[in-house]
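# Topology and contacts: notes
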There are 2 protein chains.
Amino acid sequence: MIFKFQFGKPFPTEAVVAKDQIQDAPGQPVPFVDVKEGESITYQMQPDDLVYGLGQNVRGINKRGWIYSSNCSDNPNHQEDTRSLYAAHNFLMIDGAKKFAMFLDYPGIVTFDIGYTRSDELKITLSDWNLDLYIWEGESMTELVKAFRHMIGRSYIAPKWAFGYGQSRWGYQTAEDVRRVVQKHKENDLPLDSVYMDIDYMERYKDFTINEERFPNFEAFNEEMKAQQIHLVPIIDAGVKKEEGYPVYEEGVEKGYFCKKEDGSNFVAAVWPGHSMFTDFLNPEARKWFGDHYAFLLDKGVEGFWNDMNEPSIFYTEDRIRDVIDEISKLKGKNLDLTELWKMLGLVNGMANNVEDYKTFFHETEVGRLSHEKVHNLFGYNMTRAAGEAFERLCPEKRILMFSRSSYIGMHRYGGIWQGDNKSWWSHLLMNIKMCPSLNMCGILYTGADLGGFGSNATEDLLLRWLQFGVFTPLMRNHSAIGTREQEIYQFQDIGAFRNILKFRYRLLPYLYSEYMKAVLKEELYFSPLAFMYPEDAFASQVEDQLFVGESLMVAPVYEQNARGRYVYLPEEMRMFRLKRDGSLESEVLDAGHHYVKAELEEMVFFLRKGHALVLAEAANRVADVDFGHLQALTFGDEAVEYEYYHDDGYTKDYENPKNWSRLEISGDGEISC
Amino acid sequence: MIFKFQFGKPFPTEAVVAKDQIQDAPGQPVPFVDVKEGESITYQMQPDDLVYGLGQNVRGINKRGWIYSSNCSDNPNHQEDTRSLYAAHNFLMIDGAKKFAMFLDYPGIVTFDIGYTRSDELKITLSDWNLDLYIWEGESMTELVKAFRHMIGRSYIAPKWAFGYGQSRWGYQTAEDVRRVVQKHKENDLPLDSVYMDIDYMERYKDFTINEERFPNFEAFNEEMKAQQIHLVPIIDAGVKKEEGYPVYEEGVEKGYFCKKEDGSNFVAAVWPGHSMFTDFLNPEARKWFGDHYAFLLDKGVEGFWNDMNEPSIFYTEDRIRDVIDEISKLKGKNLDLTELWKMLGLVNGMANNVEDYKTFFHETEVGRLSHEKVHNLFGYNMTRAAGEAFERLCPEKRILMFSRSSYIGMHRYGGIWQGDNKSWWSHLLMNIKMCPSLNMCGILYTGADLGGFGSNATEDLLLRWLQFGVFTPLMRNHSAIGTREQEIYQFQDIGAFRNILKFRYRLLPYLYSEYMKAVLKEELYFSPLAFMYPEDAFASQVEDQLFVGESLMVAPVYEQNARGRYVYLPEEMRMFRLKRDGSLESEVLDAGHHYVKAELEEMVFFLRKGHALVLAEAANRVADVDFGHLQALTFGDEAVEYEYYHDDGYTKDYENPKNWSRLEISGDGEISC
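Owing to the predicted nature of the structure, the values given are computational and were not obtained by experimental measurement. Every chain's residues receive numbers from 1 upward, in the order its sequence appears when written. Chains carry letters from A onward and ligands carry numbers from 1 onward, assigned in written order. Residue-level local features of this predicted model are given only where pLDDT is at least 70; pairs of side-chain atoms are given and counted only at 80 or more, and the full residue set underlies all totals for whole chains, interfaces and linings. Only hydrogens and water are removed before side-chain values are computed, so all heavy atoms of the structure are retained for them.

### Considering the overall build of chain A
When its secondary structure is counted, chain A shows 15 helices and 42 strands. Over its C-alpha atoms, taken along the principal directions, chain A stretches across nearly 80 × 65 × 55 Å. Each residue is placed in one exposure class: buried if its accessible area under a 1.4 Å probe, protein chains only, is under 20% of its type's maximum, exposed if it is over 50%, and partly exposed if it falls in between. Relative to its 674 residues, chain A shows a buried fraction of 67%. Summarising the internal contacts of chain A: among those between residues at least 6 apart in sequence, 73% fall at separations of at least 24. Here a strand is any run of E in DSSP of at least two residues, a helix any run of H or I of at least four, and the numbering for each starts at the N terminus. By the convention used here, residues are in contact when the closest approach between their heavy atoms is within 4.5 Å.

### Quick notes on the relation of the copies chain A and chain B
For this overlay, a least-squares fit was computed on C-alpha atoms, restricted to residues scoring pLDDT of at least 70 in both copies. Once turned by 180 degrees and shifted 0.0 Å along the axis, chain A lies on chain B with an RMSD of 0.0 Å. On this basis, the relationship between the two copies can be described by a two-fold rotation axis. By C-alpha distance to the rotation axis, the residue of chain A lying nearest is A:S329, at 2.3 Å. Most of the interface of chain A is mirrored in chain B, where 100% of its interface residues are also at the interface.

### Notes on the interface of chain A and chain B
Chain A puts 64 residues into the contact, and the matching count from chain B is 64 residues. Summing the contributions of chain A and of chain B, the shared interface buries around 5,300 Å²; its carbon and sulfur component is 55%. Any carboxyl oxygen of Asp or Glu within 4 Å of a side-chain nitrogen of Lys or Arg constitutes a salt bridge here. Put simply, chain A and chain B have two salt bridges between them. A salt bridge links B:R564 to A:D48, with the shortest nitrogen-to-oxygen separation between them at 3.0 Å. Under the rule applied, a polar contact is a pair of N or O atoms within 3.5 Å (in protein, one hydrogen donor and one hydrogen acceptor; residues adjacent in sequence only if both atoms are side-chain atoms). Across the chain A-chain B interface, the total number found is 31 residue pairs in polar contact (both at pLDDT 80 or more). Among the secondary structure elements, those contributing two or more residues to the side of chain A that touches chain B are β18 (269-271), β19 (274-278), α7 (318-329), α8 (338-349), α12 (426-441), β33 (565-570) and β36 (593-598) of chain A. Considering every element that reaches the side of chain A that touches chain B, the biggest residue donor is α8(A), with seven residues. Each residue is assigned to one of three groups, with Ala, Val, Leu, Ile, Met, Phe, Trp, Tyr, Cys and Pro labelled nonpolar, Asp, Glu, Lys and Arg labelled charged, and all others, Gly among them, labelled polar. Taken together, the residues of the side of chain A that touches chain B sort by class into 29 nonpolar, 21 polar and 14 charged. Buried area: the accessible surface (1.4 Å probe) lost by two parts on joining, summed over both.

### Considerations on the sheet that holds strand β32 (residues 553-555) of chain A
All names here are of chain A. Strands were regarded as paired on the criterion that DSSP finds at least two bridges between them. Read across the sheet, six strands follow the order β30-β31-β32-β37-β34-β35 without closing on themselves; strand pairing throughout is antiparallel. The sheet is open, and its two edges are formed by β30 (527-529) and β35 (585-590), each paired on a single side. Adjacent strand axes in the sheet meet at a mean angle of 30 degrees, parallel and antiparallel pairs treated alike. Sheet topology note: the strand β34 (residues 574-579)/β35 ladder contains six bridges and is antiparallel. Bridged to L579 within β35 is L585. Axis definition: a line fit to C-alpha positions, over the contact stretch in the case of helices; interaxial angles, taken between N-to-C directions, run 0 to 180 degrees.

### Re the packing of helix α5 (residues 284-292) of chain A against helix α11 (residues 379-394) of chain A
All names here are of chain A. The geometry of α5 relative to α11 is characterised by a closest axis approach of 8 Å and an angle of 65 degrees between their N-to-C directions. Handedness of the α5/α11 crossing: right-handed. Along its contact with α5, which presents R287, K288, F290, G291 and D292, the element α11 presents N382, M383, R385, A386, E389, A390, R393 and L394. Across the contact of α5 with α11, the residue classes tally to five nonpolar, two polar and six charged. The crossing is said to be left-handed when, going from far helix to near helix, the turn is anticlockwise and less than a right angle, and right-handed when the turn is clockwise.

### Considerations on the pattern of salt bridges
Evaluated as defined, the whole model comprises 102 salt bridges over all chains. Its salt-bridge partner being B:K374, residue B:D128 comes within 2.9 Å of it at the nearest N-O pair. Taken together, the residues span a long stretch of sequence, with B:D128 in the loop between β11 (121-126) and β12 (131-137) and B:K374 in helix α10 (residues 372-375) at a distance of 246 residues. Assessed through its relative accessible area of 38%, B:K374 is described here as partly exposed. Of the charged contacts, one joins B:K610 and B:E573 as a salt bridge, the two residues approaching to 2.6 Å between their closest N and O atoms. Of this pair, B:K610 sits in the loop between β37 (604-609) and β38 (614-616) while B:E573 sits in the loop between β33 (565-570) and β34 (574-579), and the two are 37 residues apart along the sequence. On the basis of relative accessible area, B:K610 is assigned to the partly exposed category, the value being 42%. Looking at B:E573, the relative accessible area reads 28%, which means it is partly exposed. Counted as one network, the salt bridges with shared partners bring together A:D74, A:D308, A:E311, A:R405 and A:D421.

### Re the sheet that holds strand β12 (residues 131-137) of chain A
Residue and element names in this part refer to chain A. Read from one edge of the open sheet, six strands run β2-β1-β12-β9-β8-β5, paired in mixed fashion. Edge positions in the sheet fall to β2 (22-24) and β5 (50-53), since each has one partner strand and no second. Here the strands of the sheet are splayed against their neighbours by 25 degrees on average, with no regard to which way each runs. Looking at chain direction, strand β8 (residues 91-95) and strand β9 (residues 99-105) are connected through five bridges and run antiparallel. Across the sheet, the residue bridging to I94 is F100, located in β9. The strands touched by helix α1 (residues 141-152) within the sheet are β1 (2-7), β2, β5, β8, β9 and β12, with β12 carrying the most contacts at an inclination of about 145 degrees.

### Side note on the environment of A:Q167
All names here are of chain A. Inspection of the secondary structure assignment puts Q167 in strand β13 (residues 165-169). Overall, Q167 belongs to the buried group, its relative accessible area being 0%. The sequence separation of Q167 and E254 amounts to 87 residues, and the corresponding C-alpha distance is 39 Å. Those residues within four positions of Q167 in sequence are excluded, and the remaining contacts are Y172, V181, H185, L192, S194, V195, Y196, N478 and E488. Side chain to side chain, Q167 and Y165 meet in a polar contact 3.4 Å long.

### Focus: the packing of aromatic side chains
Aromatic rings from Phe, Tyr and Trp, with only the six-membered ring used for Trp, were paired whenever their centres fell within 6.5 Å, and each pair was classed as stacked if the ring planes differed by under 30 degrees, edge-to-face if by over 60, and tilted otherwise. Applying the stated criterion across every chain, the model contains 117 aromatic pairs over all chains. Aromatic side chains B:F258 and B:W289 sit 5.8 Å apart centroid to centroid with 80 degrees between the ring planes, which places their arrangement in the edge-to-face category. On the criterion of sequence distance, the pair formed by B:F258 in the loop between α4 (247-255) and β17 (260-261) and B:W289 in helix α5 (residues 284-292) is long-range, its members being 31 residues apart. For the pair shown, B:F258 and B:W289 are each scored as buried. Here, over-ring charges are defined by two tests on the NZ atom of lysine or the CZ atom of arginine: distance to the ring centre within 6 Å, and angle to the ring normal within 35 degrees. Between A:R477 and the ring centre of A:Y196, over which it is positioned, the NZ or CZ distance is 4.9 Å. In this structure, B:R485 packs its charged tip against the face of A:Y116, placed 4.7 Å from the ring centre.

### Some thoughts on the pairing of strand β24 (residues 401-404) of chain B
All names here are of chain B. Both faces of β24 are covered, namely the face carrying L401 and F403 and the face carrying M402 and S404. In this sheet, strand β26 (residues 416-418) lies alongside β24 in parallel orientation, the contact comprising two bridges. Within the sheet, the bridge partner assigned to F403 lies in β26 and is G416.

### Brief notes about the pairing of strand β37 (residues 604-609) of chain A
Residues and elements named next belong to chain A. Counting buried positions over the six residues of β37 gives six, a clear majority of the element. What you see with β37 is no split at all: M604, F606 and L608 on one side and V605, F607 and R609 on the other are buried throughout. With three bridges joining them, β32 and β37 adopt antiparallel strand pairing. In the sheet register, L553 faces β37, and the bridge partner there is L608. Both β34 and β37 contribute to a ladder of six bridges, which runs antiparallel. What sits directly across from L579, in β37, is M604.

Printed below as a string of structure tokens:
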């Protein structure tokens with residue numbers, strides 16, 4: 001049973017949809033934690049307590065030892081001391097003598113001090129006290145997560161083709177650029193299922209437009225790509241360009257669908273298109289209106305999108321930049337001192353994403369007019385909801401790929417996320433690994449990081465090692481920023497090593513897709529920390545750099561430069577496979593315990609759990625060419641095992657059809673029968 | 001034999017002082033590498049080649065896989081993709097089928113592309129081709145380093161008290177603040193030998209002044225501290241305040257000792273004191289003049305200094321900030337677009353340390369007038385040389401503590417370095433570990449990082465783990481920046497855990513000091529990579545997070561949050577000691593190979609090599625109270641071993657006295673006889 005405590009007048013975020021396990025507990029004492037209304041929620045942590053959850057955040061799977069803030073922020077330079085990333089995921093669990101979970105359904109800024117100020121204290125503070133607090137106990141982390149996942153509803157399901165490899169770069173300026181990417185992958189025998197179109201495809205960064213000069217006759221171009229089984233996936237930005245004659249702008253103004261300032265005038269701030277409007281996604285009508293615009297691209301044959309800049313990111317507001325320029329102008333001809341330097345630096349660098357600006361515009365919500373700051377963390381969620389609800393209306397039979405940068409719990413029903421703008425850093429590869437299970441706990445299953453890193457310059461070995469982990473993430477996309485080193489695989493020397501890794505992704509797809517779908521439909525984790533799989537194993541909870549992928553597979557990626565292997569902890573005897581550079585697999589059985597395992601740069605190791613099987617298809621260069629019906633299996637030991645295999649057409653939504661499920665009987669030597 | 005090749009007209013940096021092993025090789029082909037004069041120096045790397053050296057830089061002990069630049073930079077936000085830190089250390093070694101070393105004695109910008117652009121190519125490029133290239137081969141990395149250390153001369157020797165624990169913070173505003181620091185350490189029974197005085201002690205940041213209001217009667221205050229065996233260590237900044245009536249400024253102007261612009265007027269740029277002058281440290285007269293000013297503090301009883309801001313760091317030049325303000329003023333009232341935003345951000349954030357500014361001022365050197373950019377990397381070196389040469393004149397009998405932020409090879413003879421302004425990041429703890437042996441290769445032995453991190457906010461566990469490594473660094477200083485969380489030990493909860501670690505530092509001092517002095521006098525490493533100790537061990541070269549400290553001791557610090565131990569590789573059987581929180585040591589013998597070793601937060605493990613001993617004193621709270629003459633020893637095995645023990649008075653310079661050396665005979669049970 002989940003206990004719900006209401007404080008003040010919570011905003012109806014609609015994060016929670018299944019209420020069958022929830023019990024309102026008004027006036028009763030909140031269990032486990034010490035709530036001082038208006039002040040804080042605290043919990044005295046025991047030395048061995050672990051803290052899980054918080055979705056998209058820096059640091060470990062165990063969140064203990066830092067202070068985090070739910071305050072959706074565009075921060076491409078995030079470090080280990082960053083408190084807020086692009087999302088707000090207010091779910092956490094305590095694993096110790098007491099085992100319980102909390103969800104703070106609250107769209108304002110929340111701060112989680114998890115042993116930062118005092119190493120033994122968890123302290124949660126909020127901007128104001130209008131929230132729904134859900135709290136429940138359980139026997140295990142798995143049970144606690146399952147209860148949460150049930151209450152927040154089924155996670156978004158991506159089309160099967162979106163489990164293929166995607167190539168992206170901010171900087172593909174023309175259809176020719178895209179054609180070259182496809183061609184180069186083809187020439188080099190590199191699998192590919194999608195090319196992402198960043199802001200360059202639009203006409204001066206206007207949503208729901210296509211630059212006709214650079215992408216002439218887009219519909220035909222999309223058809224040309226589809227003929228090669230390549231999906232074009234355009235970006236949609238949160239800001240709508242302010243431009244007379246641009247229908248989206250004019251219509252939004254006319255209908256009053258953009259966020260307004262206190263005086264009723266439209267709020268204008270600069271993002272990629274320059275001066276832009278921000279759709280009031282908390283107004284159901286505005287949401288519907290914005291969502292309907294996706295038809296512009298759907299009608300041209302597009303089957304997937306990514307929603308960006310929806311924290312929302314703001315480069316500057318008109319008011320602020322004017323003030324900044326005025327202030328700096330006053331310094332002209334003056335004898336300057338350092339105070340003025342700091343002031344100038346503060347003014348200029350404080351223009352972007354300024355919290356004060358978030359207070360100056362408003363939403364017309366179901367519960368009345370609200371300042372943006374009160375509901376800041378819902379903006380990206382509701383932009384993606386706008387899209388998801390529109391897809392249901394516009395093409396109800398078909399799955400559309402959708403993932404977002406910003407998110408809040410609830411959004412997981414409408415799309416996945418990529419893990420934000422990151423860097424070509426080994427430390428961000430490691431963060432990618434650690435973030436995956438935390439996101440899964442919060443319902444976000446379709447996810448992956450920008451492989452190779454978005455900002456900064458990738459080295460060949462970094463991209464190769466990152467892809468070796470990316471092989472296991474549902475979203476597998478290589479993405480980089482304009483101005484950085486080009487990082488398509490074919491830009492590097494040892495293309496064969498990359499090819500081998502990519503091809504193996506396609507061989508794994510039957511397993512990966514089956515496990516993803518099972519995790520969605522059964523409300524379970526796709527990526528599990530070892531501690532969740534082996535709760536009795538005292539060491540497992542310390543393992544932060546190995547994950548289970550589904551039920552059979554444990555991964556232990558190499559994330560250190562020049563390493564030729566790594567340490568791996570096996571909670572039980574497992575069969576280790578090593579993918580060699582010639583595509584062959586060699587294996588050996590390793591005992592439970594600690595091992596140093598070799599993995600040369602072009603090699604990848606993974607581990608099969610006893611009593612389980614890993615089903616594989618033949619390699620292919622497109623998801624559509626993978627034969628999900630003819631499988632091989634990797635097994636461990638002589639005894640036959642069963643594998644619960646989920647498979648569907650991957651495009652429609654007949655998830656409940658019993659025909660999608662089969663129990664494969666797999667003999668010790670890998671023979672499969674149903 | 002070291003071969004020397006001259007290109008163009010190299011600037012006489014005086015990095016190289018011992019020429020007995022050097023052979024000029026004019027006109028001969030350069031061995032090992034491919035030199036295209038005016039273009040590049042390249043080396044085709046084999047897959048197994050390792051690259052060592054480069055002193056103060058990010059990333060691994062093995063530098064392969066990134067592009068580094070020698071271009072002294074004030075960069076407190078450095079990441080793994082940072083190319084230049086505070087120093088320029090152009091020494092590198094290749095370890096593979098061919099083993100050789102190179103030193104590029106060149107004070108301009110050098111770029112080392114070590115497998116970044118092409119994973120198999122090392123490519124060095126220079127701003128111009130006036131350099132001395134030294135290149136030599138050797139049987140081992142140890143031999144290559146020794147030859148280099150010999151040619152660049154004996155490393156700086158710090159006074160013994162400077163091996164005690166030091167507490168520092170930018171923000172100790174008054175003598176009272178300093179007294180409180182000392183008092184709090186005393187109350188909590190925490191060892192302490194020095195308190196560092198950051199820029200706050202000066203009168204409006206003017207070098208060689210003391211703020212009389214905040215530090216009244218400094219001489220008496222220093223005496224008061226000395227009576228408690230506390231050394232005050234003031235900072236000296238590179239920039240000299242431009243202020244009428246300030247004697248240092250007026251004298252420097254009068255004598256023409258400051259750097260000038262092309263038109264002969266003095267170059268002025270803003271740093272902490274506001275508008276400031278930059279002493280022409282490449283002019284021997286100016287160097288002498290600046291150095292003599294240290295007498296102002298020496299005469300007041302000060303025995304140590306740190307030289308800061310000497311890359312040189314520049315906040316802005318008068319010309320540039322005026323231009324920036326003019327440019328921004330032009331935007332007033334205009335309809336702005338993003339181009340103008342980027343321009344504004346670029347202008348404002350490009351004011352500090354702008355390379356164009358480094359071209360606008362000049363040095364009067366022994367070889368004539370030179371633009372600063374040509375000799376940029378020598379500035380910090382020669383500031384510290386100014387101090388070191390002055391100390392030789394002013395107090396030739398006495399060791400004065402001196403360490404610098406910026407450095408170039410050659411400076412190691414005059415002072416140590418701290419490892420620059422860092423952050424309270426676990427990744428910077430790891431970087432600290434990896435940087436130590438690379439600095440030692442370049443002659444810099446007196447070094448340590450800002451323990452706990454300078455910028456950002458430290459957590460208790462980070463500081464404790466960092467101190468557990470800091471126990472082994474010659475400079476052991478806790479330093480933090482104003483505005484960050486206070487990080488003196490007594491700010492945290494478990495003071496006992498810190499006390500235990502600190503006390504152990506003082507127990508280790510006989511060994512640490514002996515090994516430091518041996519490394520200096522024998523031109524060897526104090527911190528060694530495992531690969532250098534076990535060149536036949538193929539795995540040792542992959543170990544980046546364990547180090548030898550001297551001949552007997554291997555350390556394997558824990559640098560991950562929430563970890564309760566770590567993996568350790570033993571190249572041979574060793575005796576592991578675990579310092580428990582009660583101060584006791586427990587030990588066990590571990591076989592050669594891979595181990596997972598437990599080390600709870602408050603515990604520290606270290607490893608003793610077979611056939612070697614670790615000498616320990618009784619704990620004390622001041623270096624002066626450590627009894628270096630009555631030692632205990634930790635040993636491994638029943639057989640007696642010898643330990644070569646160096647000990648001197650720690651304050652004078654009678655290094656060559658044979659009485660400083662003894663051979664301790666140590667029985668298997670730790671009994672010591674000489």
